[in-house]
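Here is what each chain is made of, one letter per residue.
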Amino acid sequence: MFPSRFDYVAPDTVEEVLATLAQHGDEAKILAGGQSLIPLMKLRFASPGLLVDVNRVPGLGFVEETGEHLRVGTLTRNTELERSALLKSGYPVMADAAPMISDPLVRNRGTIGGSLAHADPAGDWGSVMLALGAEVVIKSSTDERTIPVSELLVNTFTTSLDPTEMITEIRVPKTPARSGGSYLKMERRVGDFATVATAVHLTLDNGTIKRAGIGLTAVGSKNLQASAAEDALAGAEPTAEAFEEAARLAAEASSPSSDVRGSAEYKKAMVRTFVRRGLDKALELARG
Amino acid sequence: MTTVEETDVHGIGQSVKRKEDDRFIRGKGTYVEDLVLPNMLHMAILRSPIAHAKIVSVNVDEAQAIPGVVAVVTGELLAQHNLAWMPTMSGDTQAVFATDKVRFQGQEVAAVVAEDPYIAHDALGLIDVEYEPLPAVTSPQQALQPDAPLIRDDKEGQTDNRCFQWETGDKDATEKAFQQADKIVELSTFYPRCHPSPLETCGIVADVNPISGKATLHMTSQAPHAIRTVFALVAGLPEHKIQIITHDIGGGFGNKVPVYPGYVAATAASLLIGRPVKWIEDRTENLISTGFARDYHMRGELALTNDGKMLGIRVELLSDNGAFFADAQPTKCKVGLFHIVTGSYDVPAAYLSTQGAYTNKAPGGVAYRCSFRVTEASYLVERLVQNAAYELGMDPAELRRKNFIKPEQFPYKSATGFVYDSGEYERAMDLAMNELGYAELRKEQEAARAEGRLIGIGMASFTEVVGAGPSKDYDILGLKMFDSAELRVHPTGKAILKIGVQTQGQGHETTFAQIVATELGIPTEDVLVQYGDTDNTPYSLGTYASRSTPTAGAATAMVARKLVEKGKKIAAHLLEVSEEDLEFKVDKFSVKGAPDKAVTIQDVAFAAYTNMPEGLEHGLEDNHYYDPPNMTFPFGTYMVVVEVDADTGQWKVLRMLAVDDCGKVINPMIVQGQIHGGLAEGYGIAAMELITFDDDGNCIGSNFMDYLLPTSWETPRFETHMTETPSPHHPIGAKGVGESATVGSPAAYVNAVIDALAHTGVRNIDMPVTSAKVWEAMQGAARSS
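Residues numbered from 1 in each chain as written. Chains lettered and ligands numbered in written order. Predicted model: local features only at pLDDT ≥ 70, side-chain atom pairs only at ≥ 80, totals over all residues. Heavy atoms only, no water.

Draft legend 1. Up close: the overall build of chain B. Each helix and strand counted, chain B has 19 helices and 34 strands in total. Here chain B has a C-alpha radius of gyration of 28 Å; the compact-globule value for 785 residues is 28 Å, and the two agree. Considering only C-alpha atoms, chain B reaches an extent of 85 × 75 × 50 Å along its principal axes. Out of the 785 residues belonging to chain B, those deemed buried represent 63%. As presented, chain B carries roughly 27300 Å² of accessible surface, and 50% of it is formed by carbon and sulfur atoms. The centroid of the 67 positive side-chain charges in chain B is displaced by 3 Å from the centroid of its 103 negative side-chain charges. (Helix = DSSP H or I, 4+ residues; strand = E, 2+ residues; numbered from the N terminus. Rg over C-alpha atoms; globule rule 2.2 N^0.38 Å. Buried < 20%, exposed > 50% of the residue type's maximum accessible area, 1.4 Å probe, protein only. Areas by Shrake-Rupley, 256 points an atom, 1.4 Å probe, with all protein chains shown as cover. Lys, Arg positive; Asp, Glu negative; His and termini not counted. Charge placed at Lys NZ, Arg CZ, Asp CG, Glu CD.)

Here it is as structure tokens:
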């Protein structure tokens, strides 16, 4: 690996990280798991002047339920999420997605906050968080704010983060009883980016659908929220017809491009198939 | 005297653990990247970002000015030393560094030689090349259009993009066969461009001694001796002052047969600067510029009677050769050994017409784990046979059985001129069918279909042709394809075998020692196999096309037999009997009828240095140059069962069963390993591997994120079985086995997917068979029904 020249710092506290970012602005880049950044630097597609390694900052990796939220620390590794009993019992769409992220090597290093901040439309966590209606906590040396993930993701590799800001944690609304979820992913090979993936989260109330969340991976310029499909499901009976209609609406909301993974037509058809299958699976879990 | 059993010497037929694994498992292999020589410099290559362009200017001033940069090598500089162009293995020319035009994305334009590799890479970005873009030619069909841009304007007399035209077989007889046919089955299919992708990329440490002028080239080569000669001829260096050392090689698969521009440039740089120069390719460089494989557009037709007798086969090929015709193949062959396309079948008439085209893509056309285009040929005929079975309403296995060359027909002369040495095709197929439970599976397939599930059973009964020479028929750039071995037994009965063929993971250190063990009685562990240093091993055309065992393996057996003959004279002297009274078994010369009166090979070796009979030359060593009388013809039957997801087109392998026959098996464990590797590679080719290009000639598939190799997760479980039909002309009856599985398996995988959909009329899906393509085929079938 022969990247361009860069400087490197490894602060011990969040405050130091934020002070460094404030000082260096867009010259600096946070190094978390490095699973996207390092390959880009290797190919010299990215040449940051300063790497701010956050791996030595304590307290940024955790998964816990407090108050109204599941809180996930930004530096939590995908492997930890894959192994979390809490996610398995209460957040099946996250539990499904975690082991489908790339391969074990990438999961051992890659972090949830890094994935969201990278904003790859083929990234998995964005869709999952959209389906769950999650928020991110963002800090800078002077400010702290909390925004929904739908406002974080702007475009391909583009977020609403300022270069001086850092995501510190992810907050997922606690899932009520009678909830279920699923993440279905088509990949050509382990470690490949998704051809198509769909995140579904479903909450039932007295047999009808109280809330449905649907996120789509790799079929647009960013992770997409299938809002029309969500709206059509809210308050509806969970019937095969309703799911089929939601799947159709989700496919309509997608705007994939044709490439070596398949034609746009194929990918739309797969969104439809996967959303339908994903809803079936989520319903089964929600009914217990 | 204790009796040594045949098995005690760990010779042929035993699964001896690989000697080389000791160092590999401990991480103690030595690859060219591991070498650090005093004063060594590092070279990095600047490559063209565009597929086709005139070079207006190359300005190196800024790059040259960086501290630590020792030299910038350009095409211009190489041209001053007459090194801007080099010959390819198919007798064409290839630019070392472009001087006039760039002709593919990734082509070598210049190089920086610096004190460390980071500086070299930094300086690459400062070389200012002005290009004048030209329209790119990205398919052979486009290349042969009359108005296509001319790619090879450097070649005198070249007015279009055709790079060769070749035909073989009997056109008239084939025409007649087709006229008499009840049924003609046609298949047009594309065998896409894939890449051997050895995990170790190519590289060199070129060390030209400024005092002696000797060039010691540590490099990744499958054919070090041939490369030495080519270097001597091309660079004008005296051949005794060129030493190629290969060390351990992390996979070759055909990718490391050619001479690449980086080797030449690093050698030239070392010569000019007087310091060692290291060049190691990165992954992208390996994928976009070194020898690719396949890229054949194929149209095959099979003529049959209604009851399934094959009458003739007709093939039209159009190959995409890239910017330079650099296929690895014997001189007289323009499409390698593709004319093995009659496969395992008794087809009375065959005709092939072929042409190749220059395009703005990387050159290569190496035989990726393939005996020169046998893979493409086998794929085509096995796909055709299965489709023919559908058209005739016959079971694909029965159609094969009906047309197999029968055991009593060997030696069998094929319609394209090969003389098949031996084969028992039905035996291998029956074993495969029984182990798979074929009849039962067909019923299950039927029942599943009734439930809307799509199960498919595919098979391939391939025949390969491997082990070139004979030298009268085969050469590369005039170098005849024989091979050799030198065997020396030390006084204490330990031996050193020197061979010129070059292992890249095949296990030569073990298998060649096993041949010596069986022939000469010196245990495998007492035989050191030396290779990979041209100063210290005999001449060889190298290891590719499954030729090591058929050629150098034969030479090893033959030289051991020479030592047995000499040993017999020594034994006669020691036992005070006449030579005719002696027989040699396992490791002993004993008196016929008096087995207790015996001496061992170790006794004889000691005597060769201490107690020689008068008139006999001292020592116990010899060499042998073996010119094979014919090729060898390994074969087998592979069967694959898949289930296709009717909604998504995703398919998964439920069973993969392989029966191989490679003649006499030297080491069953190593053979099984070879088969496993090849079946995995065959799966990758069938399912996911692809190098393709956009309309501007940009390479898609330039790293392992885009060029997909299967992992252990996707790779199916393999069930392997063997039959053993010895080659009648090989000294130990062995055939090559390194490539059977890459040759035979792609058709079996694809046939299985087609079989799952055949009832809907689907007859072809081009590789790689992605779920998207399967889905599109299902949509197409649904629309047309």
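From this point, things continue past the structure.
Draft legend 2. Representation of the environment of N321 of chain B in the model. Residue and element names in this part refer to chain B. Following the sequence through the fold, N321 ends up in strand β16 (residues 310–322). Distance in space between the C-alpha atoms of N321 and Y368 is 14 Å, their sequence separation being 47 residues. Discounting residues that sit within four places of it in the chain, N321 has contacts with C163, F164, R193, F292, D327, G356, A357, A362, P363 and G364. Reaching out from N321, the side chain makes a polar contact with the side chain of D327 at a distance of 3.3 Å. (Contact = heavy atoms within 4.5 Å. Polar contact = N/O pair within 3.5 Å; in protein donor to acceptor, adjacent residues only side chain to side chain.)

Draft legend 3. Geometry of the domain arrangement of chain B. Residue and element names in this part refer to chain B. Domain boundaries in chain B define domain 1 (6–28 + 483–626), domain 2 (32–134 + 201–249 + 256–289) and domain 3 (293–468 + 630–784). Distance between the C-alpha centres of domain 1 and domain 2: 40 Å. Of the residues lining the interface, 21 residues belong to domain 1; the matching set on domain 2 comes to 19 residues. Both sides together, the interface formed by domain 1 and domain 2 hides about 1500 Å², and carbon and sulfur atoms give 46% of it. (Domains from an automatic or database assignment. Buried area = accessible area lost by both parts, 1.4 Å probe.)

Draft legend 4. Broad picture of the packing of helix α15 (residues 548–575) of chain B against helix α16 (residues 601–610) of chain B. Residue and element names in this part refer to chain B. Close contact between α15 and α16 brings their axes to 9 Å; oriented N to C, the two are set at 85°. As the angle between them shows, α15 and α16 are arranged roughly perpendicular. Across from G567, I570, A571 and L574 in α15, the residues of α16 making contact are D603, V604, A607 and A608. Tallied by class, residues from the contact of α15 with α16 come to six nonpolar, one polar and one charged. (Axes fitted to C-alpha atoms, helices over the stretch in contact; angles between N-to-C directions. Parallel < 35°, antiparallel > 145°, perpendicular 65-115°, else oblique. Nonpolar A, V, L, I, M, F, W, Y, C, P; charged D, E, K, R; others polar.)

Draft legend 5. Representation of the pattern of salt bridges. Enumeration over the complete set of coordinates arrives at 71 salt bridges over all chains. Measuring nitrogen to oxygen at the nearest pair gives 3.0 Å for the salt bridge that ties D124 of chain A to K185 of chain A. Of the two residues, D124 of chain A is situated in the loop between α7 (112–118) and α8 (125–132) and K185 of chain A in strand β11 (residues 179–187); the sequence distance between them amounts to 61 residues. The exposure class of K185 of chain A is buried, given its relative accessible area of 13%. For R23 of chain B, the salt bridge identified is with E509 of chain B, shortest N-O distance 2.8 Å. (Salt bridge = Lys/Arg side-chain N within 4 Å of Asp/Glu carboxyl O.)

Draft legend 6. Structural view of the environment of Q243 of chain B. Residues and elements named next belong to chain B. Here Q243 lies in strand β13 (residues 242–245). Along the backbone, Q243 and D533 are 290 residues apart, and their C-alpha atoms lie at a distance of 7.0 Å. What Q243 contacts, discounting residues up to four positions off in sequence, is K214, A215, T216, L217, D533, T534, D535 and N536. At 3.4 Å, the side chain of Q243 forms a polar contact with the side chain of K214. A distance of 3.4 Å separates polar atoms of two side chains, one belonging to Q243 and the other to D535.

Draft legend 7. Region of the structure containing the packing of aromatic side chains. All names here are of chain B. The tally for this structure, following the rule as stated, stands at 22 aromatic pairs over all chains. Aromatic side chains Y345 and F404 sit 5.8 Å apart centroid to centroid with 5° between the ring planes, which places their arrangement in the stacked category. Note that Y345 is positioned in the loop between β16 and β17 (349–358) and F404 in the loop between α11 (396–403) and β18 (412–413), a separation of 59 residues in sequence. A residue is classified by how much of its surface remains accessible, and Y345, at 0% relative accessible area, is buried. Judged by centre distance (5.8 Å) and plane angle (80°), the ring pair of F410 and Y425 falls under edge-to-face. Taken together, the residues span a long stretch of sequence, with F410 in the loop between α11 and β18 and Y425 in helix α12 (residues 425–436) at a distance of 15 residues. With respect to class, F410 is no different from Y425; both count as buried. Taken together, the aromatic side chains of Y345, F404, F410, Y425 and F635 make up a single cluster linked through ring pairs. Just above the ring of F178 sits the side chain of R314; from NZ or CZ to the centre is 3.9 Å. Note that R547 overlies the ring of Y544, its terminal NZ or CZ placed 5.7 Å from the centroid. (Phe/Tyr/Trp six-rings, centres within 6.5 Å; stacked < 30°, edge-to-face > 60°. Lys NZ or Arg CZ within 6 Å of the ring centre and 35° of its normal.)

Draft legend 8. Representation of the interface of chain B and chain A within the structure. Listed per partner, the contact involves 25 residues of chain B and 26 residues of chain A. Taking both partners together, chain B and chain A bury about 2100 Å²; carbon and sulfur atoms supply 58% of that area. In this structure, R276 of chain A and D647 of chain B form a salt bridge, with 3.7 Å as the shortest nitrogen-oxygen distance. At the junction of chain B with chain A, the criterion picks out nine residue pairs in polar contact (both at pLDDT 80 or more). Residue assignment for the side of chain B that touches chain A shows that the elements contributing at least two residues are α4 (117–124) and α19 (771–784) of chain B. Examining the composition of the side of chain B that touches chain A, we find that five residues originate from one element, α4 of chain B, more than from any other.

Draft legend 9. Inspection of unusual backbone geometry at higher detail. Residue and element names in this part refer to chain B. Cis geometry marks the peptide bond from F410 to P411; its omega dihedral reads -5°. The residue P411 is located in the loop between α11 and β18 in this model. Following A468, the chain continues to G469 via a peptide bond in cis, the omega torsion being 10°. By the element assignment, G469 lies in the loop between β20 (454–463) and β21 (475–476). The residue N82 is not glycine, and still its phi comes out positive at about 60°. Within the secondary structure, N82 sits in the loop between α3 (75–80) and β4 (85–87). Its identity as a non-glycine residue notwithstanding, S197 has a phi of 45°, on the positive side. Tracing the sequence through the fold places S197 in the loop between β10 (183–194) and β11 (203–208).

Draft legend 10. Seen up close, the sheet that holds strand β6 (residues 101–102) of chain B. Residues and elements named next belong to chain B. The three strands lie next to each other as β6-β2-β8, forming an open sheet whose pairing is antiparallel. Strands at the two margins of the open sheet, each flanked by one partner only, are β6 and β8 (128–133). Taken together, the six bridges between strand β2 (residues 53–59) and β8 define a ladder with antiparallel strand orientation. Across the sheet, the residue bridging to I55 is Y131, located in β8. (Pairing = 2+ DSSP bridges.)

Draft legend 11. Structural context of the state of the cysteines. Residues and elements named next belong to chain B. Applying the stated rule across the entire model yields zero disulfides over all chains. Of the cysteine sulfurs around C202, a residue in no disulfide, the closest is that of C699, at 15 Å. Look at C202 and you get buried, because its relative accessible area is 1%. Just so you know, C699 is unpaired, no disulfide at all, and the nearest cysteine sulfur is the one on C194, 13 Å from it. (Disulfide = S-S within 2.5 Å.)

Draft legend 12. Layout of a negative patch on the surface. Residue and element names in this part refer to chain B. Among the surface-exposed residues, D61, E62, D128, E130 and E132 lie close enough to one another that they form a single negatively charged patch. Secondary structure elements with two or more residues in the negative patch: α2 (61–65) and β8. Of all the elements, β8 adds the most residues to the negative patch, at three residues. Note on placement: E62 falls in helix α2. (Patch = residues over 30% accessible without salt bridge, like charges linked within 9 Å, V, L, I, M, F, W, Y side chains within 5 Å.)

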